[in-house]
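Each chain, written out:
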Amino acid sequence: MKIAQANSEKLIWESMRNPAANAAVSGKALPKLMVWLILFVSATYVVYTLKLVSSSHCEEDVFSNRNHNARILQSNNLTIPSPSYKIKTPQSEKTTLEHIVFGIAASSKLWNKRKEYIKLWWKPEKGMRGIVWLDSPVKSNRNESNSLPEIRISGDTSRFAYKNKQGHRSAIRISRIVSETLRLGETENVRWFVMGDDDTVFVTDNLVRILNKYDHNQYYYIGSLSESHLQNIYFSYGMAYGGGGFAISYPLAKALEKMQDRCIQRYPGLYGSDDRMQACMAELGVPLTKELGFHQYDVYGNLFGLLASHPVTPLVSLHHLDVVEPIFPNVTRVEALKRLKIPMQLDSAGLMQQSICYDKPNGWTVSVSWGFAVQIFRGVLSPREIEMPARTFLNWYRRADYTAYAFNTRPVMRNPCQKAFVFYMTKARMEPSINQTVSEYTRHHVPHPECRWKMANPDAVERVKVYKKPDTHLWDRSPRRNCCRVLSSKKTSMVIDVGECSEGEISEV
């Protein structure tokens, strides 16, 4: 054992003493290793190439066999079904009023009064379809047959339980209007069902603009919330309020009709029709798609603050018109809405859209709600302030509580010098020579407190004239407020231009 150990130590010592000999030995082994490595790589390459060539021949045989089989089947007047891939292609035909069916919830007790609201927006000459669903028969005038939708009586709902002590069981029949309308079978070329109340006024051109944003072949439940934060908490922030109107795509309406009666039986304790509809949507798994242009208007008092600072979205509907004051002063509610129809017909896309600009020489802030009103404020107010609705209204519980709204509001100016001078729209026309609308706004005279600011006083201004080019593609672009420019400002009048903002144009002093 000791001899072997001595020999190994001797070998190690000799190798350390003679490195040249070691190099010679390793140098002889290196060429052999390289030869084997080259042979291995070459063999791998040959095998991979042969495999690739053989697989390509197989594919050619498969395709040739398919083509051969196709020729045989075609000669026998047969076709091979091609693989079906669902690819979304753009719709060649846009949605129009002819593709919409309206379902209007009405009460026989209020019909004689509220039918006047429906007459304002109903357009049978444009192929509109719809049905008014009443709780009991009413007397009909032959003269009104062309100005109102067809009238029908809702089906019997006595088999459905209703256990809400604060509500009324008419909510059940109203919630079934879409299903009852669908069961009539007149669904040719229908894409959307739109619900509303008998005191709802639709801006139908803007409704069509909104619906064209969505694929009617998919499940869509489109509407908006209440203005009341408390209402949304009590009912749901995921529910479309029926008075403001909501839209249901045709496939979703078919799915709803199949299950709604069973669904309603599961919710006897709900209050109204809207929450029953939303409960069924929840069972179908369809969320609310919110569009802010549908207006429930769960408020009391004067809508001026809300309308003068309308959100940057098309105005689609107005509701609770019997509850709030007329939108124009010193006229009836229906007369006020008839006045609003004038700018609506000229440029529905721009109706109520707010623009903010400044009369720099006078130091005034100007807010234009096109087709409705113009406001002039002393001093410079930021767009961030002016775009918030002024609190000219009370919440649904008749309290002046600004925390009760589901959106930001601003208080009416406390400084007497910053009280707005308001001008309401009185005339509007199209001027063909310049291809622009010309709308005129007249001063609404109310007492103004004394102001001691040493600056120009808008009190002498009596009329404001606004020029605006109709913009049918306003909502085809990304949402943005129009810009306004003060063209002239005289002692008793002002001229303003409103239109798409130019490059680099912003609302600043």
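Rules behind the numbers
Residues numbered from 1 in each chain as written. Predicted model: local features only at pLDDT ≥ 70, side-chain atom pairs only at ≥ 80, totals over all residues. Heavy atoms only, no water. Buried < 20%, exposed > 50% of the residue type's maximum accessible area, 1.4 Å probe, protein only. Helix = DSSP H or I, 4+ residues; strand = E, 2+ residues; numbered from the N terminus. Pairing = 2+ DSSP bridges. pLDDT = per-residue confidence, 0-100. Contact = heavy atoms within 4.5 Å. Disulfide = S-S within 2.5 Å. Salt bridge = Lys/Arg side-chain N within 4 Å of Asp/Glu carboxyl O. Axes fitted to C-alpha atoms, helices over the stretch in contact; angles between N-to-C directions. Polar contact = N/O pair within 3.5 Å; in protein donor to acceptor, adjacent residues only side chain to side chain. Expected span 1.5 Å × (residues − 1). Bend = angle between axes of the 7 residues up to and from the residue.

1. Considering helix H6 (residues 204-211)
- With respect to burial, H6 is a largely interior element, 6 of its 8 residues being buried.
- Here H6 has its buried residues at Thr204, Asn206, Leu207, Val208, Ile210 and Leu211.

2. Quick word on the pairing of strand S13 (residues 373-378)
- The buried fraction of S13 is high, at 6 of 6 residues.
- Here S13 shows a buried face lined by Ala373, Gln375 and Phe377 and a second buried face lined by Val374, Ile376 and Arg378.
- Here strand S12 (residues 364-369) pairs with S13 via 6 bridges, running antiparallel. The partner of serine 369 across the bridge, within S13, is alanine 373.
- Where S12 hands over to S13, the hairpin turn is made up of 3 residues, of which glycine 371 adopts a positive phi near 85°.
- Where S13 meets strand S15 (residues 421-431), 4 bridges bridge the pair, whose relative direction is antiparallel. When the sheet's bridge partners are listed, valine 374 is paired in S15 with phenylalanine 423.

3. A few points about the confidence of the model for the protein chain
- Taken over all residues, the pLDDT of the protein chain has a mean of 86, while the share at 70 or more is 84%.
- Counting contacts from residues 1-28, a segment whose pLDDT is below 50, to residues more than four positions away or on other chains yields 1 contact.
- The model gives residues 55-91 a pLDDT under 50, and that stretch makes 7 contacts with residues more than four places away or in other chains.

4. Comments concerning the state of the cysteines
- This structure, assessed with the given rule, holds 4 disulfides.
- Residue cysteine 417 pairs covalently with cysteine 451 via a disulfide, S to S 2.0 Å. One quick way to see it: the torsion about the S-S bond of cysteine 417 and cysteine 451 is about 110°, and its sign makes the bridge right-handed. Here cysteine 451 lies in the loop between strand S16 (436-443) and strand S17 (463-468) and cysteine 417 lies in the loop between strand S14 (393-395) and S15, a separation of 34 residues in the sequence.
- Residue cysteine 417 is classed as buried on the basis of its relative accessible area of 3%.
- Residue cysteine 483 pairs covalently with cysteine 501 via a disulfide, S to S 1.9 Å. On the sign convention where negative means left-handed, the S-S torsion of about 95° between cysteine 483 and cysteine 501 marks this disulfide as right-handed.

5. Comments concerning the pattern of salt bridges
- Counted according to the given criterion, the structure contains 25 salt bridges.
- Its salt-bridge partner being aspartate 347, residue lysine 468 comes within 2.4 Å of it at the nearest N-O pair. One end of the pair, lysine 468, is in strand S17; the other, aspartate 347, is in the loop between helix H11 (333-346) and strand S11 (354-359), and 121 residues separate them in sequence. One exposure class covers both lysine 468 and aspartate 347, and it is buried.
- A salt bridge links arginine 477 to glutamate 500, with the shortest nitrogen-to-oxygen separation between them at 3.5 Å. Taken together, the residues arginine 477 in the loop between S17 and strand S18 (483-489) and glutamate 500 in the segment after strand S19 (493-499) connect sequence positions 23 residues apart.
- For glutamate 500, a relative accessible area of 48% corresponds to the partly exposed category.
- What emerges from the salt-bridge pattern is a single network uniting Lys113, Arg114, Asp198, Asp199 and Asp322.

6. Examining the sheet that holds S18
- With mixed pairing, the 8 strands of this open sheet are ordered in space as S11-S12-S13-S15-S16-S17-S19-S18. The sheet is open, and its two borders are formed by S11 and S18, each paired with just one other strand. Neighbour-to-neighbour, the strand axes of the sheet open up by a mean angle of 25°, direction not taken into account.
- Together, S15 and S16 form the strand contacts of H11, whose direction differs from that of S15 by roughly 50°.

7. Description of the sheet that holds strand S6 (residues 221-223)
- Spatial ordering of the open sheet is given by S3-S2-S1-S4-S7-S6-S8, a layout of 7 strands whose pairing is mixed. The sheet is open, and its two borders are formed by strand S3 (150-153) and strand S8 (289-290), each paired with just one other strand.
- Direction of pairing for strand S4 (residues 192-197) relative to strand S7 (residues 246-249): antiparallel, over a ladder of 4 bridges. Opposite valine 194, over in S7, you have alanine 247 as the bridge partner.

8. Points about the side chain of asparagine 164
- Its location among the elements puts asparagine 164 in the loop between S3 and helix H4 (170-175).
- In terms of polar contacts, asparagine 164 uses its side chain to reach the backbone amide nitrogen of glutamine 166, at 2.9 Å.
- Separated by 3.1 Å, the side chain of asparagine 164 and the backbone nitrogen of glycine 167 make a polar contact.

9. Some remarks on helix H8 (residues 250-265)
- Between its first and last C-alpha atoms H8 spans 23 Å; for 16 residues at 1.5 Å apiece the expected length is 22 Å, and the two agree.
- At methionine 259, H8 is bent by approximately 55°, the largest bend along its length.
- Residues Pro251, Leu252, Ala253, Ala255, Leu256, Met259, Gln260, Asp261, Cys263 and Ile264 constitute the buried set of H8.

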